[in-house]
Amino acid sequence: MNRRNLLATLLGTLTAGCTKIGETAPFAWAVDQAEGLHRVAHRAIGGPRPLAREYPPSAISADFRGNGSTDVPTPAYRAHQAAGFADWRLVVGGLVERPLSLSMADIRALPQRTQITRHDCVEGWSAIGQWTGPQLGPILDRAGLLPDARFVIFRCADLLYGAPYYESCDLTDAFHPQTIIAHRLNGGDLPVKNGAPLRLRLERQLGYKHAKYLTGIQAVASLDGFGDGNGGFWEDRGYQWYAGI
Ligand SMILES: Nc1nc2c(c(=O)[nH]1)N[C@H]1C(S)=C(S)[C@@H](COP(=O)(O)O)O[C@H]1N2
Ligand SMILES: [Mo]
């Protein structure tokens, strides 16, 4: 058993049944600690900024399925869709010196990164796709994070089961070189089912972290006050916040 497997086994034991136990308040702290340990261990094993594996073009899946919300059935989104998303904006705010409102043209004018990676959904499927977009780190640098910023919240245009989808990550992941705001998939514009016109790629974490239909990025000191305070739509329903692969 190599170190990675050993740690995965230990952590699996530690965190098994978290969802149930975590529902009881006194255990919530212990669950948080185990999750923190997972994050620290995950980073300790791979070094400071390990890259997720990247694949050759031959590995790209024939169809990258859509999952969760696969459309945003609102008049506003329909109007954007009809206009080819020409007027879509990504606002960058919160604990920043210079709030930004980026147009699609602004997003495309930034230096781009293209990466072929595997997306793993907890529901038990994977797909390999080629994603293109600007890295998040330089966008945050342009906005100028204030010293209190510790997390980044990602806001989405869709509701899932009636609640706004949202996500978050810490600054280590926000500044990871493979963390990009993707507007292209497999060489074409991002399809609606995959989050058009913008979606996050957070390659070292599970599928639910990769927020689609992105409208805003907000630097914050704490995850409190967003949804139920657990840092994401699925996290508010019991999934781990740090969903390292
Ligand atoms: N806005 C938004 N982002 C989302 C979801 C969603 O329902 N809404 N589902 C998540 C889940 S669980 C997965 S697996 C991926 C699916 O991405 P895909 O539709 O491109 O396959 O998007 C994630 N991001
Ligand atoms: Mo997923």
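Computed from a prediction, not measured in an experiment: that's the story for all the values here.

In spatial order, the strands read S3-S4-S8-S9; together these four strands make up an open sheet with antiparallel pairing. The open sheet is flanked by strand S3 (112-121) and strand S9 (188-189), the only strands paired with a single partner. The sheet contact formed by strand S8 (residues 184-185) and S9 spans two bridges and is antiparallel. Note that in S9 the partner of Leu-185 across the bridge is Gly-188.

Within the largest apolar cluster, 41 residues are counted, with the highest numbers of intra-cluster contacts made by Phe-154, Ile-181 and Ile-217. If you list the elements that add at least two residues to this core, you get strand S1 (89-94), strand S2 (100-103), helix H5 (104-109), helix H6 (136-143), strand S5 (151-160), strand S6 (163-170) and strand S11 (214-220). Residue contacts for Ile-181: discarding those within four places in its chain leaves Leu-90, Thr-132, Gly-133, Pro-134, Leu-136, Ile-139, Leu-198, Arg-199, Leu-200, Leu-214 and Ile-217. Ala-127, Ile-180, Ala-182 and Leu-185 belong to the second-largest nonpolar core, a separate cluster that totals nine residues.

The environment of ligand 1 is formed by 22 residues, the closest being Arg-65, Asn-67, Ser-69, Asp-158 and Lys-212. Here Arg-65 contributes a backbone N or O atom positioned 2.6 Å from an oxygen atom of ligand 1. Protein burial of ligand 1: of its 530 Å² of free accessible surface, 99% is covered by the chains. Counting residues per element, the ones that place at least two in the shell around ligand 1 are S3 and S5. The greatest single-element share of the shell around ligand 1, amounting to three residues, is contributed by S5. Classifying every residue of the shell around ligand 1 by side-chain character gives nine nonpolar, eight polar and five charged.

What follows is about the pattern of salt bridges. Under the defined criterion, the tally for this structure stands at nine salt bridges. One salt bridge connects Asp-71 with Arg-78, and the closest N-O pair in it is separated by 2.5 Å. On the basis of relative accessible area, Arg-78 is assigned to the partly exposed category, the value being 36%. Among the ionic pairs, Arg-98 bridges to Glu-97, the shortest N-O distance being 3.1 Å. Bridged by salt links that share partners, the residues Glu-167, Lys-209 and Glu-235 form one connected network.

Burial analysis of S6 places seven of its eight residues in the buried class, which makes it a mostly covered element. Taken together, the seven bridges between S5 and S6 define a ladder with antiparallel strand orientation. Note on S6: the bridge partner recorded for Ile-153 is Ser-168. Adjacent in sequence and paired antiparallel, S5 and S6 are bridged by two residues, among which Tyr-161 carries a positive phi angle near 45°.

As a further point, take unusual backbone geometry. Residue Ala-196 is joined to Pro-197 through a cis peptide bond whose omega torsion reads 0°. Inspection of the secondary structure assignment puts Pro-197 in the loop between S9 and strand S10 (199-201). Positive phi, normally seen in glycine, also occurs at Phe-85, with a value near 60°. In this structure, Phe-85 sits in the loop between helix H4 (75-82) and S1. By relative accessible area, Phe-85 is classed as buried at 10%. Unusually for a residue other than glycine, Asn-186 sits at a positive phi of about 50°. When you line up the elements, Asn-186 lands in the loop between S8 and S9. Taking relative accessible area as the criterion, Asn-186 reaches 33% and is therefore assigned partly exposed.

What counts, and at which threshold
- Residues numbered from 1 in each chain as written.
- Chains lettered and ligands numbered in written order.
- Predicted model: local features only at pLDDT ≥ 70, side-chain atom pairs only at ≥ 80, totals over all residues.
- Heavy atoms only, no water.
- Pairing = 2+ DSSP bridges.
- Helix = DSSP H or I, 4+ residues; strand = E, 2+ residues; numbered from the N terminus.
- Core = buried A, V, L, I, M, F, W, Y, C linked by side-chain atoms within 4.5 Å.
- Buried < 20%, exposed > 50% of the residue type's maximum accessible area, 1.4 Å probe, protein only.
- Contact = heavy atoms within 4.5 Å.
- Near = heavy atom within 4 Å.
- Polar contact = N/O pair within 3.5 Å; in protein donor to acceptor, adjacent residues only side chain to side chain.
- Areas by Shrake-Rupley, 256 points an atom, 1.4 Å probe, with all protein chains shown as cover.
- Nonpolar A, V, L, I, M, F, W, Y, C, P; charged D, E, K, R; others polar.
- Salt bridge = Lys/Arg side-chain N within 4 Å of Asp/Glu carboxyl O.

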